[in-house]
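The primary structure of each chain is shown beneath.
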Amino acid sequence: MISVNDFKTGLTIETDGGIWRVTDFQHVKPGKGAAFVRSKLKNLRTGAIQEKTFRAGEKVGRAQIDNMKMQYLYADGDSHIFMDNNSYEQVELQASQLKHELQFLKANMNVTIMMYGNETLGVELPKSVELEVTEAEPGIKGDTASGATKAATLETGITVQVPLFVNQGDSVIVSTEDGSYLSRA
């Protein structure tokens with residue numbers, strides 16, 4: 001058990017029949033009444049985000065999540081196959097578990113798989129990935145107003161706004177959190 005006073009961003013807890021990751025928290029001490037902890041929690045099974053308030057000093061269960069480094073191998077229909085680099089053990093995840101992550105996954109990419117006992121909770125991607133531009137309109141010379149961008153389709157199928165100087169065949173670095181362009185590779 002862990003006290004809510006010890007919350008940290010990234011901590012995983014068990015409460016309300018689910019496994020949650022603390023994404024944000026705030027200790028509140030009102031002038032009148034008891035102190036409490038306001039938190040924002042992400043359900044690791046469903047991806048749902050919930051705001052929850054705990055009384056100061058309240059105890060919750062701590063969830064032991066094992067993070068395994070794995071390599072994405074390939075897709076087989078709706079199934080996606082990952083392999084442990086050390087034991088060569090393979091894990092199969094369904095596309096429904098990887099809605100956001102599929103926009104950035106490409107073959108042979110190293111990722112972290114979150115495990116709770118024998119249950120696979122999901123995939124943690126690196127903060128940014130390098131992807132090749134497969135389709136982009138050419139930039140027009142002289143059309144260089146400050147911050148001008150154009151749409152570009154990347155090798156995984158995601159469409160990203162990129163600067164005008166990025167062309168088809170270039171590699172770009174994209175944030176996996178919000179899918180924004182970071183730089184040219």
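Below: a short report on this structure. Computed from a prediction, not measured in an experiment: that's the story for all the values here.

1. Observations concerning the overall build of the chain
Okay, step 1: Check the secondary structure of the chain and you find zero helices and 16 strands.
Okay, step 2: Its C-alpha atoms give the chain a radius of gyration of 21 Å, clearly above 16 Å, the size a compact globule of 185 residues would have.
Okay, step 3: Seen along its three principal axes, the alpha-carbon backbone of the chain occupies a region of about 65 × 50 × 25 Å.
Okay, step 4: Here the chain holds 185 residues, and the buried ones make up 38% of them.
Okay, step 5: Expressed as a percentage of contacts within the chain between residues at least 6 apart in sequence, the contacts between residues at least 24 apart total 42%.
Okay, step 6: Charged side chains of the chain number 19 positive and 24 negative; the gap between the two group centres comes to 12 Å.

2. Points about the pattern of salt bridges
Where charged atoms of side chains with opposite charge meet at close range, the side chains can pair.
Okay, step 1: Counted under the stated rule, the structure contains six salt bridges.
Okay, step 2: For R45, the salt bridge identified is with E119, shortest N-O distance 2.8 Å. With R45 in the loop between β4 (36–43) and β5 (49–55) and E119 in strand β11 (residues 119–124), this residue pair connects regions lying 74 residues apart in the sequence.
Okay, step 3: Judged by relative accessible area, E119 falls into the partly exposed class, the value being 30%.
Okay, step 4: One salt bridge connects K106 with E155, and the closest N-O pair in it is separated by 3.8 Å. Remark: E155 occurs in the loop between β13 (149–154) and β14 (159–163) and K106 occurs in the loop between β9 (90–94) and β10 (110–116); sequence separation between them is 49 residues.
Okay, step 5: Under the relative-accessibility criterion, K106 is labelled partly exposed at 28%.
Okay, step 6: For E155, a relative accessible area of 39% corresponds to the partly exposed category.

3. As for the nonpolar core
Okay, step 1: By size, the foremost hydrophobic cluster in this structure holds 27 residues, and its most contacted members are F82, V111, I113, V123 and L154.
Okay, step 2: Contributions of two or more residues to this core are made by β7 (66–76), β9, β10, β12 (128–136), β13, β14 and β15 (171–175).
Okay, step 3: Here the element with the most residues in this core is β12; it accounts for four residues.
Okay, step 4: Not counting residues within four places of it along the chain, the set of residues in contact with I113 comprises D66, N67, M68, M70, F82, L93, T120, G122 and V123.
Okay, step 5: If you look at the next biggest cluster of nonpolar residues, it comprises 11 residues, including I2, F7, L11 and L41.

4. A word on the pairing of strand β2 (residues 12–15)
Okay, step 1: Of the pairings in the sheet, the one linking β2 to strand β3 (residues 18–28) comprises four bridges and is antiparallel in character. Within β3, the position partnered with T15 by the bridge is G18.
Okay, step 2: Turn length for the β2-β3 hairpin, with the two strands adjacent in sequence and antiparallel, is two residues, and the turn residue D16 shows positive phi of about 55 degrees.
Okay, step 3: In the sheet, β2 pairs with strand β6 (residues 59–62) via two bridges, with the strands oriented antiparallel. Within the sheet, the bridge partner assigned to I13 lies in β6 and is R62.

5. Structural notes on unusual backbone geometry
Okay, step 1: Backbone geometry places D16, a non-glycine residue, at a positive phi of 55 degrees.
Okay, step 2: For N108, which is not glycine, the phi torsion reads 70 degrees and is therefore positive.

6. Topic: the sheet that holds β7
Okay, step 1: Within the open sheet, the five strands sit side by side as β9-β8-β7-β10-β11. Their pairing is antiparallel. Single-partner strands in this sheet number two, and they are β9 and β11. Strand-to-strand twist of the sheet, defined as the mean angle between neighbouring strand axes without regard to direction, takes the value 40 degrees.
Okay, step 2: Note: β10 against β11, five bridges, orientation antiparallel. Note on β11: the bridge partner recorded for T112 is E124.

7. Side note on the environment of V60
Okay, step 1: Of note, V60 is situated in strand β6.
Okay, step 2: V60 sits 38 residues away from L98 along the chain, and the two C-alpha atoms are 28 Å apart.
Okay, step 3: If sequence neighbours within four positions are ignored, V60 has contacts with M1, I2, V4, F7, I13, E14 and F54.

Thresholds applied
- Residues numbered from 1 in each chain as written.
- Predicted model: local features only at pLDDT ≥ 70, side-chain atom pairs only at ≥ 80, totals over all residues.
- Heavy atoms only, no water.
- Helix = DSSP H or I, 4+ residues; strand = E, 2+ residues; numbered from the N terminus.
- Rg over C-alpha atoms; globule rule 2.2 N^0.38 Å.
- Buried < 20%, exposed > 50% of the residue type's maximum accessible area, 1.4 Å probe, protein only.
- Contact = heavy atoms within 4.5 Å.
- Lys, Arg positive; Asp, Glu negative; His and termini not counted.
- Charge placed at Lys NZ, Arg CZ, Asp CG, Glu CD.
- Salt bridge = Lys/Arg side-chain N within 4 Å of Asp/Glu carboxyl O.
- Core = buried A, V, L, I, M, F, W, Y, C linked by side-chain atoms within 4.5 Å.
- Pairing = 2+ DSSP bridges.
- Axes fitted to C-alpha atoms, helices over the stretch in contact; angles between N-to-C directions.

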